[in-house]
Amino acid sequence: MLVLGIETTCDETAAAVVERGIEGRGKILSNIVLSQVTEHAAFGGVVPEIAARAHVEALDRIVGKAMTEAGKSFGQIDGIAAAAGPGLIGGVIVGLTTAKAIALVNNKPLMAINHLEAHALTARLTAGIAFPYCLFLASGGHTQILAVRGVGDYSLIGTTLDDAIGEAFDKTAKLLGLGFPGGPQVEKEATRGNATRFTLPRPMHGRTEADFSLSGLKTALRLEAEKIGPLSDQDVADLCASFQQAVVEVVHDRLRAGMKVFRGRHGTPTALVAAGGVAANEAIRKILQRVAFEAGIKLEVPPAALCTDNGAMIAWAGAERLALGLTDPLDFAPRARWPLEEIAGPQTKPGLMSEQGA
Ligand code: ATP
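Residues numbered from 1 in each chain as written. Predicted model: local features only at pLDDT ≥ 70, side-chain atom pairs only at ≥ 80, totals over all residues. Heavy atoms only, no water.

## Section: the nonpolar core
Inside soluble globular proteins, nonpolar side chains tend to come together where they are buried. Among the nonpolar cores identified, the biggest contains 64 residues, and Leu4, Val63, Leu121, Leu135 and Val148 are the most heavily contacted of them. Broken down by element, the residue count for this core peaks at eight residues, all from helix 11 (residues 311–323). Built from parts of two domains, this core gets at least three residues from each of domain 1 (2–125 + 306–355) and domain 2 (131–304). Once residues lying within four places of it in the same chain are set aside, the contact partners of valine 63 are Leu4, Ile6, Ala15, Phe74 and Ile102. Counting 52 residues, the second-largest nonpolar core is a separate cluster that includes Ala138, Phe212, Phe262 and Val278. (Core = buried A, V, L, I, M, F, W, Y, C linked by side-chain atoms within 4.5 Å. Buried < 20%, exposed > 50% of the residue type's maximum accessible area, 1.4 Å probe, protein only. Helix = DSSP H or I, 4+ residues; strand = E, 2+ residues; numbered from the N terminus. Domains from an automatic or database assignment. Contact = heavy atoms within 4.5 Å.)

## Looking at the environment of lysine 227
Turning to its location among the elements, lysine 227 is positioned in helix 7 (residues 215–228). Judged by relative accessible area, which is 63%, lysine 227 ranks as exposed. In this structure, the C-alpha to C-alpha distance between lysine 227 and glutamate 117, residues 110 residues apart in sequence, is 43 Å.

## A few points about the site of the ligand
As a matter of local geometry, the ligand sits amid 22 residues, with Ser139, His142, Asp170, Glu187 and Asp309 nearest to it. The side chain of serine 139 places a nitrogen or oxygen atom 2.5 Å from an oxygen atom of the ligand. The separation between an oxygen atom of the ligand and a polar main-chain atom of glycine 183 is 2.9 Å. Against a free-state accessible area of 640 Å², the protein chains account for coverage of 89% of the ligand. For the shell around the ligand, the secondary structure elements donating two or more residues are helix 4 (115–127), helix 5 (165–175) and helix 6 (182–190). Residue contributions to the shell around the ligand peak at four residues, all from helix 6. When the residues that make up the shell around the ligand are grouped by side-chain class, the tally is six nonpolar, 13 polar and three charged. Here the shell around the ligand spans two domains, and each of domain 1 (2–125 + 306–355) and domain 2 (131–304) adds at least three residues to it. (Near = heavy atom within 4 Å. Polar contact = N/O pair within 3.5 Å; in protein donor to acceptor, adjacent residues only side chain to side chain. Areas by Shrake-Rupley, 256 points an atom, 1.4 Å probe, with all protein chains shown as cover. Nonpolar A, V, L, I, M, F, W, Y, C, P; charged D, E, K, R; others polar.)

## Re helix 9 (residues 282–295)
At 3.6 residues per turn, the α-helix brings residues three or four places apart onto the same side. Look at helix 9: 20 Å from first C-alpha to last across 14 residues, which is about the 20 Å you get at 1.5 Å a residue. For helix 9, the set of buried residues is Ile284, Ile287, Leu288, Val291, Ala292 and Ala295. Along the axis of helix 9, the buried residues cluster in a sector spanning 145°; they form a single face. In helix 9, the exposed positions angled more than 90 degrees off the buried face are occupied by Lys286 and Phe293. Contact partners of the buried residues in helix 9: strand 6 (133–138), helix 5, helix 8 (233–266), strand 9 (271–275) and strand 10 (298–300). Where helix 9 terminates, the next one or two residues include glycine 296, which has phi positive at roughly 70°. (Expected span 1.5 Å × (residues − 1). Arc of directions from axis to C-beta.)

## Notes on the confidence of the model for the protein
Confidence along the protein averages 93 in pLDDT terms, with 96% of residues attaining 70 or more. pLDDT under 50 marks residues 348–358. Its contacts with residues more than four places away, or in other chains, come to 16 contacts. (pLDDT = per-residue confidence, 0-100.)

## A few points about the sheet that holds strand 5 (residues 110–114)
Within the open sheet, the five strands sit side by side as 3-2-1-4-5. Their pairing is mixed. Edge positions in the sheet fall to strand 3 (26–35) and strand 5, since each of these pairs with one other strand and no more. Sheet twist, expressed as the average angle between the axes of neighbouring strands with direction ignored, equals 20°. Note that strand 1 (residues 2–7) and strand 2 (residues 12–20) share six bridges and pair antiparallel. Paired with glycine 5 across the two strands is alanine 16, which belongs to strand 2. Sitting on the sheet, helix 3 (residues 89–106) is in contact with strand 1, strand 4 (79–85) and strand 5, with an inclination near 160° to strand 4. Across the sheet, helix 4 lies against strand 1, strand 2, strand 3, strand 4 and strand 5, angled at about 95° from strand 5, the strand it touches most. (Pairing = 2+ DSSP bridges. Axes fitted to C-alpha atoms, helices over the stretch in contact; angles between N-to-C directions.)

Next up, the structure:
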């Protein structure tokens, strides 16, 4: 089964062709990502109108490149998948409308994919992870712990009550005069900083529910920075290191709570899976390894290029849904907000759940 996937929910214009074998293993035939980071850098964040216009200008070319690199024609493709939300609505409209046009002209099924579902299922593309697994999704827009029990079967275990972790990294970088996106810059500065110099809070520490809160940490960092006045390079590095260490400890504590909640509700997960751009952070990856070790399960962190926004994850989610006969009508409406739990899954039929679990 061959699926073309299109991703335009934020500031990456992406398209990919992915193959799903009969036994459910995935193969990426092409994965083209065009980042708009330079268009938004001057503004210190993504500007929705600029993003939507940039998607319009680039998408045809990116889709063409993905098809050429995969060596496939539209006639050979079994279905067209596009991220239909959640995300910046202008960009979502561009990607979904393009996918609908390709599907209509070529008489192929359309799969309107939830961007978060695509992140959630990526570990099955990269490592064939079986259900149920525990997903830690940490990106610029989301911070969630989820039980992934099947295609279209997601249960929220914990979420952020305010900022996402990536957003907290980005805001910290902005406050300290570092570039955008902030995560990689803060991580780089942290390597030469003293993580114990500033005492920052570990919000929600020890709570039994598995939610996150990052805004207090961000405020505490700002107050520490303001106390110093003009910041030296070493001050910036120490603030970054102290911030990153606080986030690492928060992730450790919250995921341990999440693991307990998972076991209580769904039994033992097959693996801890990471998704979202924050998983690129080396210190966070190490703590994820520790959480998995403590829980006695495997850790799966897909390659960085598949943790951040990309077309392959959309194509794969499309293939997983197409394999279960889950397609969408051409009048499917794009959604700026679309919680994972609202996704339609397959009707429970004899044999179907066991097929999903395979
Ligand atoms: P979403 O997928 O929720 O719509 P997004 O498109 O912003 O949000 P991603 O592309 O998955 O998310 O990830 C980008 C985020 O990851 C940014 O906030 C960025 O700062 C953060 N990030 C990237 N690399 C690192 C890193 N090394 N350390 C910490 N954070 C990082």
